[in-house]
Amino acid sequence: MHPVCVAHPSLDIDSSLDASDAGDGDVSDTSTLNTDAATIRGEDEKTTTCVTADRGGARGETKCGRSRQGNSSAPSSSSTSSDSPPSPSSLSSGSVSSSAPSSSVMSPCGELQPLVPEAFSHRRLCWKTRYHNAETPPSDLRLVTWNVDFSTPGSDVRLLCILSHLQKSVFASPPEPSCILLQELNLNSMRALKANKWVRRHFAVVCDFTESRPWRTYGNATLVSRSIRIEKAQVLYFSNSLMGRAAIFVDLLLRAPDGGKDDVRVVRVANTHLESLLVGTPMRPVQLQAIADMLRASEADGGVVGGDMNMIGDSKDQSIHVAAGLDDACLFPADPASHTWGYQPPCQYPPRRLDRVFFTGEAEGFIVDSVQVIGKGLRISNGQWASDHYGLSTSLAFTKPRK
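Residues numbered from 1 in each chain as written. Predicted model: local features only at pLDDT ≥ 70, side-chain atom pairs only at ≥ 80, totals over all residues. Heavy atoms only, no water.

S.K.: Looking at this structure, how should I read the packing of helix H1 (residues 155-170) against helix H2 (residues 187-195)?
M.R.: Between two packed helices, the angle of one axis relative to the other and the distance separating the axes together describe the packing. Contact pair H1 / H2: the axes reach a minimum separation of 8 Å and the direction vectors enclose 40°. For the element pair H1 / H2, the angle class is oblique. Crossing hand, H1 versus H2: right-handed. Along its contact with H1, which presents Ser-155, Asp-156, Leu-159, Leu-160 and Leu-163, the element H2 presents Asn-188, Ser-189, Ala-192 and Leu-193. Here the residues of the contact of H1 with H2 are counted per class, giving five nonpolar, three polar and one charged. (Axes fitted to C-alpha atoms, helices over the stretch in contact; angles between N-to-C directions. Helix = DSSP H or I, 4+ residues; strand = E, 2+ residues; numbered from the N terminus. Parallel < 35°, antiparallel > 145°, perpendicular 65-115°, else oblique. Left-handed = near helix turned anticlockwise from the far one by under 90°. Contact = heavy atoms within 4.5 Å. Nonpolar A, V, L, I, M, F, W, Y, C, P; charged D, E, K, R; others polar.)

If you want it as structure tokens, here you go:
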């Protein structure tokens, strides 16, 4: 038996006033703009509840290793139809994301734009750019990355199944300080994301759907626990991408466990979907290098990137993170237990490790635990796979006080 998500007809919206929504006390102010969420209020979305039917092992999750870094010798892999270039069709006016500030910076790698984090106000029943944070930053962070597959029908129901699995089988209740990196969200799954009760109650959302690129039919979203202060959010749109690919960056505050309340560090977390297919082989190293440069910027004390890296080529393609100066958070990259794609469903291409977590290993006292593969065998109620990818989960922290 595999984990199964059972669909329910009601909309999973939390409209109650909750003490966790210091909401309109509004400690964090990420923009002067307030976002109207009327586009998602009343949406006829479906919700899901995950019923876990394990067949041995812990909820179908597989550990990739225990070390905090590993080598890069992974076999070649392939990609799915969901990695095909997007068609240049316009998004509807019912988009759920807010527009980012108009200022942007052009670089040889692409266009860097600021983004506006949003959190749901239970008092005003809309998404706002001002929300409450805890006064003391956490000492560690749970990180999850998952490509949720935009192209297979039922993207909204499948996304809600994944969220339900994370809520019930991966995170604590309430969830520990965390950051969730999602790739391949389309308009329907983005609406479902922002209408989800668990997301509204516990997370701020940063997404790269902006009015400056209305032709993008799918993109990425980063969820950050409302208790964590987001110092900065921005997106880099790769200039060499034929598929509209980008990377979201959020700068989050963490503290060292023994460094005192004033020993606060900035970890920069990137969420990306690198260029797909063999045609994307020359683009991927340039894109990952651009991410690595951002992770090592002077304002960050440590950096980590998760997402669908699409490293499907030869040994050179498998080592682009090494060329970029990043460490791999998987201890056994060549082990089939580390694969994240190719089983749901099986196809003519061999299973491979498309999804990865890389980090700045040279950052002093910054550690990233080895990744776990999560979500194996996850299906919605009609038997359809929740995604063609598995997810990855890890934790990160600063372990040494600042000198």
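S.K.: How do you make sense of the packing of aromatic side chains when you look at a structure like this?
M.R.: Aromatic ring pairs: the centre-centre distance and the angle between the two ring planes describe each pair. Throughout the structure, instances matching the rule amount to six aromatic pairs. Arranged with centres 5.0 Å apart and planes meeting at 70°, the rings of Trp-198 and Phe-203 form a pair that is edge-to-face. Both residues of the pair, Trp-198 and Phe-203, belong to the buried class. Here Tyr-343 and Tyr-390 contribute two aromatic rings whose centre-to-centre distance is 6.0 Å and whose plane-to-plane angle is 5°, an arrangement assigned as stacked. With Tyr-343 in the loop between strand E18 (327-328) and strand E19 (355-359) and Tyr-390 in the loop between strand E22 (379-380) and strand E23 (391-398), this pair connects stretches of sequence that are 47 residues apart. Judged by its relative accessible area of 8%, Tyr-390 is buried. The structure contains a cluster of three or more aromatic residues connected by ring pairs, namely Phe-171, Trp-198 and Phe-203. It is Lys-194 that lies over the ring of Trp-127; its NZ or CZ is 4.7 Å from the centre. It is Arg-379 that lies over the ring of Trp-385; its NZ or CZ is 3.6 Å from the centre. (Phe/Tyr/Trp six-rings, centres within 6.5 Å; stacked < 30°, edge-to-face > 60°. Buried < 20%, exposed > 50% of the residue type's maximum accessible area, 1.4 Å probe, protein only. Lys NZ or Arg CZ within 6 Å of the ring centre and 35° of its normal.)

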